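Chains, contacts and geometry: an overview
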Amino acid sequence: MDEVELRQLRCLVAIVDEGTFTDAAIALGVSQAAVSRTLAGLERTLGVRLLRRTSREVSPTATGLRVVAQARRVLADVAVLVQEAASGHTRLRIGYAWSAVGRHTVAFQRRWTAAHPGTDLHLVRVNTASAGLAEGACDLAVVRRPLEDRRFDTAIVGLERRLCAMAADDPLARRRSVRLAELTGRTLWVDRRTGTTTPELWPADSRPAVEETHDVDDWLTVIAAGRGIGVTAESTANQYPRPGVVYRPVRDAEPVAVRLAWWRDDPHPALQAVLELLSELYRTS
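Basis of the calculations
- Residues numbered from 1 in each chain as written.
- Predicted model: local features only at pLDDT ≥ 70, side-chain atom pairs only at ≥ 80, totals over all residues.
- Heavy atoms only, no water.
- Helix = DSSP H or I, 4+ residues; strand = E, 2+ residues; numbered from the N terminus.
- Contact = heavy atoms within 4.5 Å.
- Buried < 20%, exposed > 50% of the residue type's maximum accessible area, 1.4 Å probe, protein only.
- Pairing = 2+ DSSP bridges.
- Axes fitted to C-alpha atoms, helices over the stretch in contact; angles between N-to-C directions.
- 1 Å grid on protein atoms, 1.4 Å probe; cavity = no way out; pocket = protein on both sides within 12 Å on 5 of 7 lines; lining within 4 Å.
- Points joined across faces, edges and corners; volume = space filled by probe spheres on them.
- Nonpolar A, V, L, I, M, F, W, Y, C, P; charged D, E, K, R; others polar.
- Core = buried A, V, L, I, M, F, W, Y, C linked by side-chain atoms within 4.5 Å.

A short note on the environment of P208
Mapping P208 onto the fold places it in the loop between β8 (187-190) and β9 (209-212). Residues P208 and V157 lie 51 residues apart in sequence; the distance between their C-alpha atoms is 30 Å. Once you skip the residues sitting within four places of it in the chain, P208 turns out to touch L183, G185, R186, L188 and W202.

Laid out in structure tokens, this is it:
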């Protein structure tokens, strides 16, 4: 399979799309003999016949239909790969796990578009520890916990209050704020991969019971049902208002640091501009 070449796949797809070897050769800018040799080489490598050829038409075999469909996907993936490599200066993907930059998200998007019309901004939600950075899903990432991976650098752009999320009929929902001690004895729902809250936020002798979730929607659903509480950064409340869930400040909990993360050896050209804009938004809020 290592011998299959992209030019062979392009040739196969061109023959099927154009209908004849002659028209495929014109579309590819090569000779008809070259088209025949390329297809023969592909069939020899795969060990199957891909096309039926008559004096009037060319049509795929049953196996050929499957190979053509897969070839189209491979060629499309390669085209995306090339575009990704070439568009580094014209597109900026910023990943986040649960919430982007909370109530600053819309202002960030609009101010970026106005100041940098040549660089398209895309916010990408990826629920991993690096918010998609390690997975290649984004160029920069907003994270709310330190990254231990030495491949990445981070900088703090702002701070957010910690809020307690609880069911709207919870007795504490009538309060304007709560303390950590008042949450002892409750069930705390956390996302250990990306969440900002762990039992260590409480003293060792008064920690809540812990249940684990893996998605913000699941987290909100169990809280709305009264099955427990959550403690989260303020941005979650801004981005995910939910009927049946209320958020109250935890007045004796340390704030959450909002960090921008990037590849240490390959920072995106827009890094400095993003750092400055996010820092300004948090500073002036």
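Text resumes after the structure shown.
Observations regarding the pairing of strand β5 (residues 140-143)
Of the two faces of β5, the one carrying L140 and V142 and the one carrying A141 and V143 are both buried. By the bridge criterion, three bridges tie strand β3 (residues 91-96) to β5 in an arrangement that is parallel. Counted as the bridge partner of Y96 is V142 from β5.

Observations regarding the pairing of β3
A large share of β3 lies buried, amounting to five of its six residues. Pairing geometry for β3 and strand β4 (residues 120-125), over six bridges, is parallel. Its bridge partner being in β4, L92 is matched across the sheet by L121.

Quick look at the sheet that holds strand β10 (residues 230-233)
Strand order in this open sheet of three strands is β10-β7-β11, and the pairing throughout is antiparallel. Strands with a single pairing partner mark the edges of an open sheet, and in this sheet they are β10 and β11 (245-249). The sheet shows a mean angle of 35 degrees between the axes of neighbouring strands, direction not considered. Pairing geometry for strand β7 (residues 162-167) and β10, over four bridges, is antiparallel. Among the inter-strand pairings, C164 is bridged to a residue of β10, identified as V231.

Considering empty space enclosed by the protein
The full count for this structure, using the stated rule, is one cavity of 30 Å³ or more. Here the largest cavity is characterised by a volume of approximately 250 Å³. Looking at the largest cavity, it is lined by 23 residues, and the ones nearest its centre are W98, T194, G195, T196 and T232. Secondary-structure elements contributing two or more residues to the lining of the largest cavity are β5, β8 and β10. Looking at the lining of the largest cavity element by element, the count peaks at three residues for β10. Classifying every residue of the lining of the largest cavity gives 11 nonpolar, eight polar and four charged.

With respect to the nonpolar core
By size, the foremost hydrophobic cluster in this structure holds 36 residues, and its most contacted members are F108, W219, Y247, L260 and V274. Contributing elements (two or more residues each) for this core: β3, α5 (105-115), β5, β7, α6 (216-224), β11, β12 (256-263) and α8 (271-283). Sorting elements by how many residues they give to this core places α8 first, with seven residues. L260 has contacts with L140, A141, V142, D153, T154, A155, V157, L271, V274, L275 and L278, leaving out every residue within four places of it along the chain. Formed by 19 residues, the second largest nonpolar core is a distinct cluster that contains L12, I15, A25 and V67.

Geometric values such as these leave the question of function open.
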